[in-house]
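Chains, contacts and geometry: an overview
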Protein chains: 4
Amino acid sequence: MALLSPNLDIPFNVTRLSHVVLTSHDLDTTRYFYETGLGLEVTGHDANRLCLRAIEETGHHSLVFEKTDTEGPGSVRRIGYRMYSDDDLKRANDYFNARGEAAEFVERPCQGLTLRLNDGVGIPLEFCATMEQSDNRMQRFHTHSGGRLAVLDHIQVTCHDVASAYRWYNDLGFRLTEYTARDGTDEMWGVWLKRKNNTQDVVFGNGPGPRLHHFAYHTPEISSIIHAADVMASLDLAGSMDRTPGRHGIGNAFFVYFRDPDGHRVEIFSSHYNVIDIDHAPKRWELTDTRRSQLWGFPAPRKWFFEASEFDGVEVKEPLVDASPVTLEDFLENW
Amino acid sequence: MALLSPNLDIPFNVTRLSHVVLTSHDLDTTRYFYETGLGLEVTGHDANRLCLRAIEETGHHSLVFEKTDTEGPGSVRRIGYRMYSDDDLKRANDYFNARGEAAEFVERPCQGLTLRLNDGVGIPLEFCATMEQSDNRMQRFHTHSGGRLAVLDHIQVTCHDVASAYRWYNDLGFRLTEYTARDGTDEMWGVWLKRKNNTQDVVFGNGPGPRLHHFAYHTPEISSIIHAADVMASLDLAGSMDRTPGRHGIGNAFFVYFRDPDGHRVEIFSSHYNVIDIDHAPKRWELTDTRRSQLWGFPAPRKWFFEASEFDGVEVKEPLVDASPVTLEDFLENW
Amino acid sequence: MALLSPNLDIPFNVTRLSHVVLTSHDLDTTRYFYETGLGLEVTGHDANRLCLRAIEETGHHSLVFEKTDTEGPGSVRRIGYRMYSDDDLKRANDYFNARGEAAEFVERPCQGLTLRLNDGVGIPLEFCATMEQSDNRMQRFHTHSGGRLAVLDHIQVTCHDVASAYRWYNDLGFRLTEYTARDGTDEMWGVWLKRKNNTQDVVFGNGPGPRLHHFAYHTPEISSIIHAADVMASLDLAGSMDRTPGRHGIGNAFFVYFRDPDGHRVEIFSSHYNVIDIDHAPKRWELTDTRRSQLWGFPAPRKWFFEASEFDGVEVKEPLVDASPVTLEDFLENW
Amino acid sequence: MALLSPNLDIPFNVTRLSHVVLTSHDLDTTRYFYETGLGLEVTGHDANRLCLRAIEETGHHSLVFEKTDTEGPGSVRRIGYRMYSDDDLKRANDYFNARGEAAEFVERPCQGLTLRLNDGVGIPLEFCATMEQSDNRMQRFHTHSGGRLAVLDHIQVTCHDVASAYRWYNDLGFRLTEYTARDGTDEMWGVWLKRKNNTQDVVFGNGPGPRLHHFAYHTPEISSIIHAADVMASLDLAGSMDRTPGRHGIGNAFFVYFRDPDGHRVEIFSSHYNVIDIDHAPKRWELTDTRRSQLWGFPAPRKWFFEASEFDGVEVKEPLVDASPVTLEDFLENW
């Protein structure tokens with residue numbers, strides 16, 4: 001598909017990715033991973049629910065785990081975005097229902113007015129403008145630990161129909177900042193979409209889906225990312241590392257990936273950049289350019305591309321276009 | 001004055017601080033300071049004009065020097081902001097002229113449509129939505145040097161009438177994120193105002209003005225700030241350091257300040273934080289709290305508060321409220 | 001005085017600075033400062049004695065506080081060095097007593113054979129080769145906090161007779177790596193002396209003494225030094241900062257200085273360099289070169305040069321040469 | 001074999017690894033790799049020879065390339081160590097010849113008195129005490145680039161007879177700091193041996209040899225290692241990365257490995273620790289403990305264990321004990 005024109009006439013203002021709601025089989029184990037390991041702050045914990053947030057965040061939660069007894073790996077309950085005001089939410093409600101998309105207001109703990117609907121590829125979303133506020137730990141430096149995670153930044157979704165996802169989010173005013181396309185064609189393989197000032201709130205990459213590939217917290221210093229890796233190792237959580245530190249060509253993030261006790265993948269990264277101006281053109285990467293995923297030339301393992309968390313009750317569909325970006329031969333070049 | 005309600009009904013979208021235009025008596029000396037020293041990229045240099053930008057920036061310039069032969073220290077020609085689109089500029093033109101403020105479109109090299117006017121305290125501004133684009137150096141890592149400056153972030157203005165400035169910018173949709181007030185009163189001493197996602201595009205602090213106190217480039221790593229200080233020293237530019245590295249309580253920036261060959265003050269900093277949500281309340285600091293300016297407790301020297309660059313042709317007025325935040329006695333506590 | 005030839009024929013091998021023994025009026029307050037604040041590990045704490053060490057250290061202590069009820073600021077009990085083996089200690093005992101210096105073996109908790117004597121300027125020293133060993137925290141990364149202090153590195157002594165101190169330590173095989181001399185003369189103002197592979201185990205600087213100016217822990221990363229400053233501020237210990245972060249010309253250390261609750265000065269620094277080879281010549285700095293103490297050009301406050309901890313029962317003598325390296329005029333250039 | 005007692009009665013003082021002499025097929029290409037890429041300083045370059053050194057080094061060279069026209073990958077000419085004085089060299093000459101090892105004095109450019117012999121496993125060595133000196137770049141911060149390499153630290157040798165190598169170097173006073181042994185046995189698989197204050201000057205690991213596995217430069221900051229990786233990528237040298245950044249369990253180094261244009265492997269690392277005291281016991285690692293090579297749990301690729309540079313004219317022998325520490329199955333766990 002060709003690039004879409006950014007939509008400047010949306011009657012509501014989505015501002016950013018807000019929070020992610022996942023399931024956990026054991027909230028204590030999950031807490032140890034995220035609080036003792038990665039350094040997130042626990043803002044709520046009872047028998048059914050664990051709420052966490054990062055150093056800069058003043059809202060109640062950016063990461064929520066709900067207890068599940070279902071067998072198998074953890075799943076995703078919903079993805080939360082912010083709109084700027086409650087008026088935006090009301091206008092959005094009218095907008096979506098007018099389009100025939102079943103939006104509805106729901107009650108959520110510690111959140112203000114919250115609007116629920118499914119996006120164009122079936123992902124359960126919720127939008128709110130306000131959340132219970134409290135002083136963050138930004139200047140309580142002695143409490144910073146693990147990866148010193150500053151703020152929830154984005155999610156990545158493995159998606160069977162990237163083009164449809166791109167269209168749906170473009171309608172909501174999300175802008176494309178970078179993308180992968182099959183060489184010499186318009187066939188989009190991955191799209192980086194954003195509302196806030198940097199490169200992405202949500203990424204869709206080709207593959208069986210929709211499934212949540214990862215969610216990502218930002219931390220400003222490279223040494224904090226390495227320290228997180230060291231801390232996880234010294235807590236006997238080394239096995240949770242999913243992809244070793246590296247530099248993404250796309251988005252320029254310096255990253256490391258872990259898998260939590262329920263198999264959810266979390267990225268810690270630094271070094272995104274700002275995209276604000278209307279004349280800042282989307283950057284194209286050819287699918288065969290391995291620097292896309294790793295600027296230093298080492299391909300990701302296959303599991304990094306194919307394993308992901310399913311959304312509760314959402315069917316996983318095979319991708320419309322062929323999915324594999326990396327071969328065993330590529331990987332074994334480094335063996 | 002009491003806090004103002006954010007203005008949500010502005011017919012145009014100012015997105016960020018864009019660029020600063022200053023005078024220089026010797027463009028070669030200025031270039032050495034900013035390019036060889038701090039590591040900015042030169043995008044234009046002729047007999048009359050020097051244009052520079054930072055690593056992430058794709059627009060033509062964020063810092064412009066125009067040659068002057070006037071005696072005395074350098075001065076400020078104008079401050080540039082971005083609006084999102086040319087339509088925003090046109091609506092702004094109507095808006096300002098309807099209010100009786102003499103806005104007008106002007107021609108500027110390497111910029112698109114540009115709207116010129118003076119702000120509420122007399123500062124010459126210009127707004128544009130587009131600028132000549134070119135590939136930046138973000139992933140040309142071997143060219144990163146000095147302080148590895150990533151992006152122009154904000155300016156600070158020494159201002160005789162902080163309350164008026166606050167009102168004028170609030171009308172344009174700028175939000176207050178932090179502020180200093182005289183203890184136990186509503187008398188505002190400093191206001192941190194922003195459009196983009198972080199804490200500030202422009203700061204107004206009480207003092208004789210309007211004068212440009214400093215402009216500031218962001219760099220993500222603390223070690224880059226210290227390296228900039230080391231590089232300036234090894235280039236025999238140690239005398240240009242104006243304030244040694246420290247941590248601002250307000251805004252949380254880790255900073256260092258230099259004075260360029262014409263006396264303009266430039267800050268390099270890391271560690272601003274995000275303010276996006278409507279329920280993220282402005283943070284108040286009491287004027288007597290010295291952690292405001294330096295979290296570690298060391299007061300700034302008086303010159304840091306009082307020396308600043310004048311705007312060309314703009315009268316400097318005495319402040320409406322008493323200006324001095326620091327005494328010689330405070331400073332000599334560390335002697 | 002002229003430079004001395006290094007003494008290559010000493011019958012024993014002093015390997016490094018080992019530990020510092022200081023007094024404290026309140027061991028709990030001292031513990032909070034060093035353990036909660038700077039991140040040292042407590043290896044012993046009872047009513048009379050507090051022992052601490054850094055991340056890399058496997059010996060029992062590098063810093064010991066003994067409870068005192070004496071009024072006034074804290075004092076120094078003794079300075080500990082290591083020799084390589086107990087045989088070295090025995091040969092040293094013979095050597096010192098043959099020279100008429102009253103060395104004697106003493107018992108010390110958690111140390112092996114320990115030899116006690118006073119150095120050439122009256123400082124009480126003790127030498128040992130072994131100390132109770134235990135696993136350190138080097139790869140227990142989740143316990144690293146504060147300034148992530150890695151290892152005790154050196155002490156600095158304010159001394160009334162730098163030339164005598166230099167001669168006494170040179171006799172023991174200490175090598176001069178850098179020094180300050182009054183411009184155009186042989187009059188030594190400061191000497192950097194070392195046994196281990198880097199630039200210094202002990203520094204003597206001109207002034208009323210002998211008094212302990214500071215002891216210093218090394219940490220490899222600049223960002224850890226800044227984090228220590230931030231942590232101290234967020235623990236309400238900002239008032240303990242004695243000198244803000246900077247870069248010493250001599251020794252090249254990036255530093256910050258604090259004063260503990262008893263007034264003892266502690267430096268945290270990174271970036272010393274190696275001096276091992278016989279042809280690595282001592283580096284001379286002129287006394288008037290302010291880059292000596294601060295490469296960036298900001299002079300230290302007078303108190304940094306003149307306040308120091310006295311040694312128990314050791315008379316403080318006026319310096320043989322005039323002491324002041326910095327004037328109020330210099331300092332106020334930055335006001 | 002059991003651990004050997006350190007030899008304290010050697011009539012000469014080897015102080016550290018000094019330099020490495022390798023062959024190159026194209027000195028210009030080699031220079032681009034090490035100077036433009038990694039940031040070493042060129043101290044000599046003519047048609048036959050290229051000399052380089054790191055930021056802290058005052059001697060003429062720590063890395064020398066000699067032009068070769070021989071087909072195949074580059075080879076190693078010799079390994080240089082320092083002794084403390086020329087008298088040490090003379091005593092060493094007597095010592096080696098008395099043992100029947102053919103030591104002889106040779107002439108080397110820019111080095112003082114130089115003693116040549118082969119070590120116990122056939123590696124050509126040379127020892128010198130002095131080298132042409134010149135001001136280094138330590139405080140010329142504006143010249144620091146690439147990985148900001150500070151100092152040559154150690155080499156690692158793939159060796160068919162680790163036990164013999166350990167005995168030979170132990171005789172010369174090298175101390176064992178860490179080692180790998182086959183689980184539950186005394187069969188040594190790798191030995192970390194050192195003279196200077198940290199953990200290693202030379203490492204021997206089991207495998208066909210002797211061959212030079214790598215030489216390693218130290219840099220203090222983690223972010224410099226990542227920057228080196230980024231710089232190599234932005235210079236189109238990404239293909240030279242041999243092993244992505246990680247943390248060695250043994251020695252605690254944070255590392256990255258590259259292969260130069262002739263196939264020589266170079267490590268950049270931070271975070272070694274000090275070993276000085278006689279009671280600092282060697283640390284044992286079981287061969288099956290994968291944290292040995294990578295604390296985070298990711299095994300090295302097989303090529304990292306098996307590819308290495310041969311020494312000119314020195315036969316490569318099969319190891320006395322089985323060599324493979326990692327299986328394809330292990331590696332593919334991360335696929």
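Remember, predicted model here, so these are calculated numbers, not experimental data. (Residues numbered from 1 in each chain as written. Chains lettered and ligands numbered in written order. Predicted model: local features only at pLDDT ≥ 70, side-chain atom pairs only at ≥ 80, totals over all residues. Heavy atoms only, no water.)

1. Considerations on the overall build of chain A
Definition in use: Each helix is a run of DSSP H or I of at least 4 residues and each strand a run of E of at least 2, with the numbering of both proceeding from the N terminus. Only the C-alpha atoms count toward the radius of gyration. The rule for a globule is 2.2 Å times the residue count to the power 0.38. Each residue is placed in one exposure class: buried if its accessible area under a 1.4 Å probe, protein chains only, is under 20% of its type's maximum, exposed if it is over 50%, and partly exposed if it falls in between. Contacts: residue pairs with any heavy atoms within 4.5 Å of one another. With residues, only the protein chains shown are counted as cover, and all accessible areas are computed by Shrake-Rupley using a 1.4 Å probe. Neither His nor the chain termini are counted; the positive set is Lys and Arg, and the negative set is Asp and Glu. To locate a charge, take atom NZ for lysine, CZ for arginine, CG for aspartate or CD for glutamate.
Check the secondary structure of chain A and you find 6 helices and 18 strands. At 19 Å, chain A has a C-alpha radius of gyration in line with the 20 Å of a compact globule built from 335 residues. Sorting the 335 residues of chain A into buried and exposed places 67% on the buried side. Sequence separation of at least 24 residues holds for 69% of the intrachain contacts in chain A that already meet a minimum separation of 6. For chain A, the accessible area works out to roughly 11000 Å², and carbon and sulfur atoms hold 47% of it. Side-chain charges in chain A split into 34 positive and 50 negative, and the spacing between the mean points of these groups amounts to 2 Å.

2. Quick word on the pairing of strand E14 (residues 241–247) of chain B
Residue and element names in this part refer to chain B. Heads up, the rule is: For two strands to be treated as a pair, DSSP must find at least two bridges joining them.
Across the 7 residues that make up E14, a large majority, 7, are buried. Looking at chain direction, E14 and strand E15 (residues 254–259) are connected through 4 bridges and run antiparallel. Considered in E15, the bridge of Met 241 is made with Phe 258. Between E14 and the antiparallel strand that follows it, E15, lie 6 residues; Gly 251 among them carries a positive phi value of about 85 degrees.

3. Overview of the interface of chain B and chain A
The parts lose accessible area when they come together, and the size of an interface is often stated as this lost area. Threshold: The term buried area refers to how much accessible surface (probe radius 1.4 Å) is lost by two components on association, counted for both of them together. We define a salt bridge as a side-chain nitrogen of Lys or Arg found within 4 Å of a carboxyl oxygen belonging to Asp or Glu. Whenever two N or O atoms come within 3.5 Å, that pair is a polar contact, provided that in protein one can donate a hydrogen and the other can accept it, and provided that, for residues adjacent in sequence, both atoms are side-chain atoms.
Counting residues at the interface gives 37 residues for chain B, matched by 37 residues for chain A. When residues of chain B are sorted by the area they lose upon contact with chain A, Tyr84(B), Gln139(B) and Asp279(B) head the list and together hold 20% of the total. Notably, a salt bridge pairs Arg82(B) with Asp277(A), separated by 2.8 Å at the nearest N-O pair. In this structure, the connection of chain B to chain A is made through 19 residue pairs in polar contact (both at pLDDT 80 or more). Of all elements in the fold, only strand E1 (14–24) and strand E17 (283–286) of chain B reach the threshold of two or more residues within the side of chain B that touches chain A.

4. Description of the pairing of strand E5 (residues 76–83) of chain B
All names here are of chain B. Burial runs high along E5: 7 of the 8 residues are buried. In this sheet, E5 lies alongside E1 in antiparallel orientation, the contact comprising 7 bridges. Pairing of Val 21 across the sheet is with Arg 78, part of E5.

5. Topic: the packing of aromatic side chains
Which entries qualify depends on this criterion: A pair of Phe, Tyr and Trp rings is counted when the ring centres sit within 6.5 Å of each other, with Trp represented by its six-membered ring. The angle between the planes then sorts it: under 30 degrees is stacked, over 60 is edge-to-face, the rest tilted. Both a distance and an angle decide whether a charge sits over a ring: NZ of Lys or CZ of Arg must be within 6 Å of the ring centre and within 35 degrees of the ring normal.
By the definition in use, this model includes 72 aromatic pairs over all chains. Taken together, a centroid distance of 5.1 Å and an interplanar angle of 75 degrees make the contact between Phe12(C) and Tyr95(C) edge-to-face. Placement of Phe12(C) in the segment before strand E1 (14–24) and of Tyr95(C) in helix H2 (residues 86–98) is noted, with a sequence separation of 83 residues between them. Here Tyr81(C) and Phe174(C) contribute two aromatic rings whose centre-to-centre distance is 5.8 Å and whose plane-to-plane angle is 90 degrees, an arrangement assigned as edge-to-face. Separated by 93 residues along the polypeptide, Tyr81(C) in strand E5 (residues 76–83) and Phe174(C) in the loop between helix H3 (162–171) and strand E10 (175–181) bring together distant segments of the chain. In terms of burial, Tyr81(C) and Phe174(C) fall into one category: buried. Members of the aromatic cluster, connected to one another through ring pairs, are Phe12(A), Tyr81(A), Tyr95(A), Phe96(A), Phe127(A), Trp168(A), Tyr169(A), Phe174(A) and Phe204(A). If you follow Arg292(A) out to its NZ or CZ, it ends over the ring of Trp189(A), 5.9 Å from the centre.

6. A word on the relation of the copies chain B and chain A
Just so we agree on the cut-off: We place the copies in one frame by least squares, fitting the C-alpha atoms of every residue whose pLDDT is at least 70 in both.
Least-squares fitting of chain B to chain A yields an RMSD of 0.0 Å, with the transformation described by 0.0 Å of translation along the axis and a rotation of 180 degrees. Classification of the inter-copy transformation places it as that of a two-fold axis. Mapped onto chain A, 100% of the interface residues of chain B again fall at the interface, so both copies present the same surface.

7. Some thoughts on the packing of helix H4 (residues 222–234) of chain B against helix H4 (residues 222–234) of chain C
Cut-off, in case you're wondering: Working convention: axes come from line fits to C-alpha atoms, limited for helices to the stretch in contact. Angles between N-to-C directions cover 0 to 180 degrees. The labels follow the angle: roughly parallel below 35 degrees, roughly antiparallel above 145, roughly perpendicular from 65 to 115, and oblique for the rest. Each residue receives one of three labels: charged for Asp, Glu, Lys and Arg, nonpolar for Ala, Val, Leu, Ile, Met, Phe, Trp, Tyr, Cys and Pro, and polar for the others, Gly being one of them.
Running from amino to carboxyl end, H4(B) crosses H4(C) at an angle of 105 degrees, the nearest separation of the two axes being 8 Å. Taken as axis vectors, H4(B) and H4(C) run roughly perpendicular relative to one another. Contact residues: H4(B) offers Ile222(B), Ser223(B) and Ile226(B), while H4(C) offers Ile222(C), Ser223(C) and Ile226(C). Taken together, the residues of the contact of H4(B) with H4(C) break down into 4 nonpolar, 2 polar and no charged.

8. Quick look at helix H3 (residues 162–171) of chain B
For H3(B), the full list of buried residues reads Val162(B), Ala165(B), Tyr166(B), Trp168(B), Tyr169(B) and Asn170(B). Positive phi appears at Gly173(B), one or two residues downstream of H3(B), with a value of about 95 degrees.

9. A closer look at the environment of Leu149(D)
Residue and element names in this part refer to chain D. Within the element layout of this structure, Leu 149 appears in the loop between strand E8 (124–128) and strand E9 (151–159). Exposure remark for Leu 149: the relative accessible area of 1% places this residue in the buried category. Residues Leu 149 and Leu 38, spaced 111 residues apart in sequence, show a C-alpha to C-alpha distance of 7.4 Å. The residues touching Leu 149, leaving out its near neighbours within four places in the chain, are Leu 38, Leu 40, Ala 54, Ile 55, Tyr 217, His 218, Thr 219 and Ile 268.

10. Notes on helix H2 (residues 86–98) of chain A
All names here are of chain A. This is how it is decided: Multiplying 1.5 Å by the residue count of a helix minus one yields the expected span of that helix.
For H2, spanning 13 residues, the distance from its first C-alpha to its last is 18 Å, which sits close to the expected 18 Å at 1.5 Å a residue. Listed in full, the buried residues belonging to H2 are Asp 88, Leu 89, Ala 92, Asn 93, Tyr 95 and Phe 96. Elements in contact with the buried residues of H2: strand E5 (76–83), strand E6 (104–106), strand E7 (114–118), strand E8 (124–128) and helix H3 (162–171). Of the residues one or two after H2, Gly 100 is the one with positive phi, at around 85 degrees.

11. As for the sheet that holds E1(C)
Residue and element names in this part refer to chain C. Strand order in this open sheet of 8 strands is E2-E3-E4-E1-E5-E8-E7-E6, and the pairing throughout is mixed. On the outer flanks of this sheet lie strand E2 (41–45) and strand E6 (104–106), each paired with one strand and no other. With direction set aside, neighbouring strand axes in the sheet form an average angle of 25 degrees. Strand direction decides the pairing type here: strand E7 (residues 114–118) and strand E8 (residues 124–128), joined by 5 bridges, are antiparallel. Looking at E8, one finds that Arg 116 is bridged to Glu 126. Taken strand by strand, H2 contacts E5, E6, E7 and E8, and its axis lies near 30 degrees from that of E7.

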